[in-house]
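Now for the letters of each chain:
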Amino acid sequence: MFHKEGGKIILIATTLTVIITLFAPKLTTIPWLEKTIQIAALFFLLMILQFFRNPNRRIEANDKVVLAPVDGKVVVIEEVYEDEYFKDKRLQVSIFMSPINVHVTRYAVSGKIKYSKYHPGKYLVAWHPKASTENERTTVVIENRVFGEILYRQIAGALARRIVNYAEVGMQVRQGDDAGFIKFGSRVDMFFPLGTKVEVKLQQNAVGNQTVIAIKE
């Protein structure tokens, strides 16, 4: 199953792969070079397909837990000052996605969208400390009945050149549903009220819609 955001790119990649495979014999008379070109084209297509894959991870929404919005590695768990929306101290949890991870962004909790804003910016590597405030990004705040307001931020990385965000102010969203997509390498930051019980550890691999990030007892 593939994400709808990859439709055009998958079609183009498939077409190019077919063309290169069929015309490779006309590009060279050297058998091993012909095979190398064909294998390279197929590898390119497989990379595109794996990047836009969208695993079916249906869940039962649970307001007492915050689920990972993306696949990737937990790279930040710390208290920070959030200066865009809350303008006070929050607990930040960040997940870094490599190009081989699933890049679908899912709603970590159910609730009402209170804030959604796109920010143009730089393309620093996603794990850079300044990426959260200087890179191209979108900021979204969801008001959940148990956790209150939770902010998440989609951040473009050095390879990412397009962030897709489906959240619009006033929408009622359901935990686990698609919230957007970040193309080719990125990071997601989440900001919780201080005192939130975090269930993950640094360097832990998180799985979108499966790994519990925070819990309310």
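Residue indices follow the written sequence of each chain, beginning from 1 at its first position. This being a predicted model, a pLDDT of at least 70 is required before a residue's local features are given, and a value of 80 or more before pairs of side-chain atoms are given or counted; all residues contribute to the totals for chains, interfaces and linings. No hydrogens and no water enter the side-chain calculation; it runs on all heavy atoms of the structure.

All right, on to the overall build of the protein then. Across its full length, the protein holds 3 helices and 14 strands. In terms of overall dimensions, the protein has a C-alpha envelope of 65 × 35 × 30 Å along the principal axes. Summary of the burial criterion: residues with accessible area below 20% of their type's maximum are buried, those above 50% are exposed, and those between are partly exposed, where the area comes from a 1.4 Å probe applied to protein chains only. Classification of the 217 residues of the protein by burial places 49% in the buried group. When contacts within the protein are restricted to residue pairs at least 6 apart in sequence, long-range pairs at least 24 apart make up 72% of them. Helix numbers and strand numbers start at the N terminus; a helix is a DSSP run of H or I with at least 4 residues, a strand a run of E with at least 2. The contact criterion used throughout is that any non-hydrogen atoms of two residues lie within 4.5 Å.

Bringing the packing of aromatic side chains into the picture now. Put simply, two rings from Phe, Tyr or Trp (the six-membered ring, in Trp's case) pair if the centres are within 6.5 Å, and we call them stacked under 30 degrees between planes, edge-to-face over 60, tilted for the rest. With the rule as written, the count across this model stands at 3 aromatic pairs. Each ring, one from Tyr-85 and one from Phe-86, has its centre 5.0 Å from the other, and the planes form 85°; the classification is edge-to-face. A relative accessible area of 25% means that Tyr-85 is categorised as partly exposed. Consider the rings of Tyr-85 and Tyr-115, whose centres lie 5.1 Å apart with planes at 50°: the pair is tilted. Taken together, the residues span a long stretch of sequence, with Tyr-85 in the loop between strand S2 (72–82) and strand S3 (88–97) and Tyr-115 in strand S5 (residues 111–119) at a distance of 30 residues. An aromatic cluster is present here, built from Tyr-85, Phe-86 and Tyr-115 joined pairwise through their rings. Throughout this description, the term charge over a ring refers to an Arg CZ or Lys NZ atom that lies within 6 Å of the ring centre and within 35 degrees of the ring normal. One residue, Arg-90, lies across the ring of Phe-86, its end atom 3.7 Å from the ring centre.

With that settled, the discussion passes to the environment of Leu-16. With respect to the helices and strands, Leu-16 occurs in helix H1 (residues 7–27). The class of Leu-16 is partly exposed, set by a relative accessible area of 42%.

Here we take up the sheet that holds strand S13 (residues 205–206). Hydrogen bonds between backbone groups are what pair the strands of a sheet, and the pairing can be parallel or antiparallel. Taken together, the 8 strands give an open sheet; going across it, the order is S9-S5-S6-S7-S11-S3-S2-S13, and neighbouring strands pair in antiparallel fashion. The sheet is open, and its two borders are formed by strand S9 (172–173) and S13, each paired with just one other strand. Being paired, for any two strands, means DSSP has found at least two bridges between them. Strand direction decides the pairing type here: S2 and S13, joined by 2 bridges, are antiparallel. Residue Gly-72 lies in a different strand from S13, and its bridge partner there is Ala-206.

As for its position among the elements, Arg-106 is in strand S4 (residues 104–106). Whenever two N or O atoms come within 3.5 Å, that pair is a polar contact, provided that in protein one can donate a hydrogen and the other can accept it, and provided that, for residues adjacent in sequence, both atoms are side-chain atoms. Side chain to side chain, Arg-106 and Asn-54 meet in a polar contact 3.4 Å long. Not counting chain neighbours up to four residues away, the residues in contact with Arg-106 comprise Asn-54, Pro-55, Arg-57, Pro-69, Gly-176, Asp-177, Asp-178, Ala-179, Gly-208 and Asn-209.

The 3 strands lie next to each other as S1-S14-S12, forming an open sheet whose pairing is antiparallel. In the strand order of this sheet, the two ends are held by strand S1 (65–67) and strand S12 (197–198), each with one partner. Direction of pairing for S1 relative to strand S14 (residues 212–215): antiparallel, over a ladder of 3 bridges. Bridging across to S14, Val-65 finds its partner in Ile-215.

Take the pairing of strand S7 (residues 148–156) next. Burial analysis of S7 places 7 of its 9 residues in the buried class, the great majority of the element. Here strand S6 (residues 137–144) runs beside S7; their pairing, made up of 8 bridges, is antiparallel. When the sheet's bridge partners are listed, Glu-143 is paired in S7 with Glu-149. Taking the residues that link successive antiparallel strands as the turn, the S6-S7 hairpin has 3 residues. As paired strands, S7 and strand S11 (residues 186–192) are joined by 6 bridges and run antiparallel to one another.

The next point concerns helix H2 (residues 31–51). Multiplying one less than the number of residues by 1.5 Å gives the expected span of a helix. For H2, spanning 21 residues, the distance from its first C-alpha to its last is 31 Å, which sits close to the expected 30 Å at 1.5 Å a residue. Among the residues of H2, Glu-34, Gln-38, Ala-41, Leu-45, Ile-48, Gln-50 and Phe-51 are the ones counted as buried. Buried residues in H2 make contact with H1 and strand S10 (178–182).

With that settled, the discussion passes to the pattern of salt bridges. A pairing counts as a salt bridge when a side-chain nitrogen of Lys or Arg comes within 4 Å of a carboxyl oxygen of Asp or Glu. Counted by the stated rule, this structure contains 9 salt bridges. With its nearest N and O atoms 2.7 Å apart, the salt bridge here joins Arg-145 to Asp-63. Remark: Asp-63 occurs in the loop between H2 and S1 and Arg-145 occurs in the loop between S6 and S7; sequence separation between them is 82 residues. For Arg-90, the salt bridge is made with Asp-88, and the minimal N-O distance between the two is 3.1 Å. A relative accessible area of 29% means that Asp-88 is categorised as partly exposed.

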